[in-house]
Protein chains: 2
Amino acid sequence: MPERAHRPPCGACAECGVRTMAVCAALADDEISALERIMTARRLGADETLVVEGETRKRVYSLTEGMLRLSIALPDGRRQITGFLLPGDYLGLADDEVYTASVEAVVPAALCSFPVREMDALIETYPRLKDRLFRFTRAALRQARENQVILGRLAPVEKLAAFLLALSRRMAENKLADNPVPLAMTRADIADYLGLTIETVSRSFTKLRNQGLIRLPDAHLVEIVDRRSLEAVAGTVA
Amino acid sequence: MPERAHRPPCGACAECGVRTMAVCAALADDEISALERIMTARRLGADETLVVEGETRKRVYSLTEGMLRLSIALPDGRRQITGFLLPGDYLGLADDEVYTASVEAVVPAALCSFPVREMDALIETYPRLKDRLFRFTRAALRQARENQVILGRLAPVEKLAAFLLALSRRMAENKLADNPVPLAMTRADIADYLGLTIETVSRSFTKLRNQGLIRLPDAHLVEIVDRRSLEAVAGTVA
DNA sequence: CGGATGGTTGACAAGATTCAATCGGAGTGG
DNA sequence: CCACTCCGATTGAATCTTGTCAACCATCCG
């Protein structure tokens, strides 16, 4: 059977790596075709833009591979990254009419794309779909509030420690390598996520390394050596 | 007719000041009794604690009068206020099993209290109730992300400007005095909300006042004199 | 009247940002 | 295959902002 354009990036939903974690997990195997029918596969190259804040919200997405960053820009160029999306995460939870954040690929990514209208219809048809999205939204809200604590009350090293632990935890939840943690994003991304400068992020990495809490085989791979102490540094946030 | 214990603080739902804004607005006048039946009125004195983070989530609330603060504490005593609740706001959107934040009254408050179990049942009975709560949750998520920008990327004066504008806007939305804005909370609350110290908050107020953007008849009343310029300072956040 | 609480202001110090230089790896082109 | 360039990351030094500590003020309440 030839490949169709609107097949999930990973083949069919049945064989999808995030089948048990993503939105679609709300649907049984015999219901999934309804979702497949309105779905389009989409691939993004590194740093490619998927959504620009302010655009009308026409499509929603489910990430299957790679990593995305959500960011909000200030008029003068400053930028705050409000979250990183991992495979299994849903994109479009927060917004109604227009996107309130831009979305770019951190690394090459694959996602399932759905028209909002048709997805909304499906949500009304399958209550468990709505429930699952509701659950996702609540989790996102908790995480955003957790981030408020990190941004507002932690010192740079503490922020980084909390970030690494949270990332490791989420990677584990989504069944990805969680130690050593591969850091797909750049120092600039981390800085814009934690409300710091790249220099301060770099120095914080060095501090954690010198204290023996982490190892850095290279700049994009973090081995958590002493999780307990790292948690102590993070103030048990995350 | 004598007052019953589980009447809304403001009388019956029909005469409630937030009837058109709160969760209950999802129900028609002839459906509201279902909500009234599971509801208990609750009043809080200033600084009284309603919820301690970590507790199991047994009840959810709808605020009818006053103001609440949501906060998360660090083991060493540092505190981040993640949000202020105004009349019409719902309490319990983010959490599942346990509360992830503490809740205290900023000023004397009145609220409708619902057992989670029975509320959940009602939510399943009245789809519009669920939809409204979903909408509330999305709005809360957007606001939390907005706060991430404020906390992560704005300078102190900018933070305060953004805070005052956002508060004024929300007060207007909830049909409360929006200019001059009554500041129910203390400088310490504002500091813990914006990730600053009380001294820096105080200095920022003084700066905005000296620039002629606001007037401060007293410490708890802010008149926005030059909204446009204040927005410029805030970087059009909020 | 006096004490307590919350707010403002000042002086100082600590810490992060800024600016600048260096390093290292990846990719390119000769 | 190697040299070169470019980009990201790290490190150092100076600056500047914010936090800290302290004093002072005003108001409220007993």
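Thresholds applied
- Residues numbered from 1 in each chain as written.
- Chains lettered and ligands numbered in written order.
- Predicted model: local features only at pLDDT ≥ 70, side-chain atom pairs only at ≥ 80, totals over all residues.
- Heavy atoms only, no water.
- UniProt positions renumbered as here; feature names shortened; annotations may be inferred.
- Helix = DSSP H or I, 4+ residues; strand = E, 2+ residues; numbered from the N terminus.
- Near = heavy atom within 4 Å.
- Nonpolar A, V, L, I, M, F, W, Y, C, P; charged D, E, K, R; others polar.
- Axes fitted to C-alpha atoms, helices over the stretch in contact; angles between N-to-C directions.
- Parallel < 35°, antiparallel > 145°, perpendicular 65-115°, else oblique.
- Contact = heavy atoms within 4.5 Å.
- Buried area = accessible area lost by both parts, 1.4 Å probe.
- Salt bridge = Lys/Arg side-chain N within 4 Å of Asp/Glu carboxyl O.
- Polar contact = N/O pair within 3.5 Å; in protein donor to acceptor, adjacent residues only side chain to side chain.

## Description of the UniProt feature "domain: HTH crp-type" (unreviewed entry) in chain A
Mapped onto this numbering, the UniProt entry annotates "domain: HTH crp-type" (unreviewed entry) at residues 154-228 of chain A. The span residues 154-228 of chain A is 55% helix and 15% strand, and its two end C-alpha atoms sit 18 Å from each other.

## Let's talk about the protein's contact with DNA strand D
DNA strand D sits among 16 residues. The nearest are A:Arg187, A:Thr206, B:Pro156, B:Thr200 and B:Arg203. Among atoms of DNA strand D positioned within 4 Å of the protein, sugar and phosphate together represent 65%. Sorting the residues of the surface near DNA strand D by element identifies helix H6 (198-210) of chain A together with helix H6 (198-210) of chain B as the ones contributing at least two each. The element contributing the most residues to the surface near DNA strand D is H6(A), with five residues. Among the residues making up the surface near DNA strand D, the classes are represented as three nonpolar, seven polar and six charged.

## Observations regarding the packing of helix H2 (residues 116-125) of chain A against helix H3 (residues 127-153) of chain A
Residues and elements named next belong to chain A. H3 packs onto H2 with a crossing angle of 110 degrees between their chain directions and a minimal axis gap of 5 Å. The angle between H2 and H3 places the two elements in the roughly perpendicular class. Residues Met119, Leu122, Ile123, Glu124 and Thr125 of H2 touch H3, and the partners they reach there are Pro127, Leu129, Lys130 and Leu133. In terms of residue class, the contact of H2 with H3 is built from six nonpolar, one polar and two charged.

## Quick look at the interface of chain A and chain B
At the junction of the two partners, chain A supplies 42 residues and chain B supplies 42 residues. Overall, the association of chain A and chain B removes approximately 3800 Å² of surface from exposure, summing both partners, and the carbon and sulfur fraction of that is 59%. At the boundary of chain A and chain B, one finds 12 salt bridges. Where B:Asp96 meets A:Arg142, a salt bridge forms, and the shortest distance between an N and an O atom there is 3.4 Å. Taken together, the links from chain A to chain B amount to 22 residue pairs in polar contact (both at pLDDT 80 or more). Broken down by secondary-structure element, the contributors of at least two residues to the side of chain A that touches chain B are strand S3 (59-73), strand S4 (79-85), H3 and helix H5 (187-194) of chain A.

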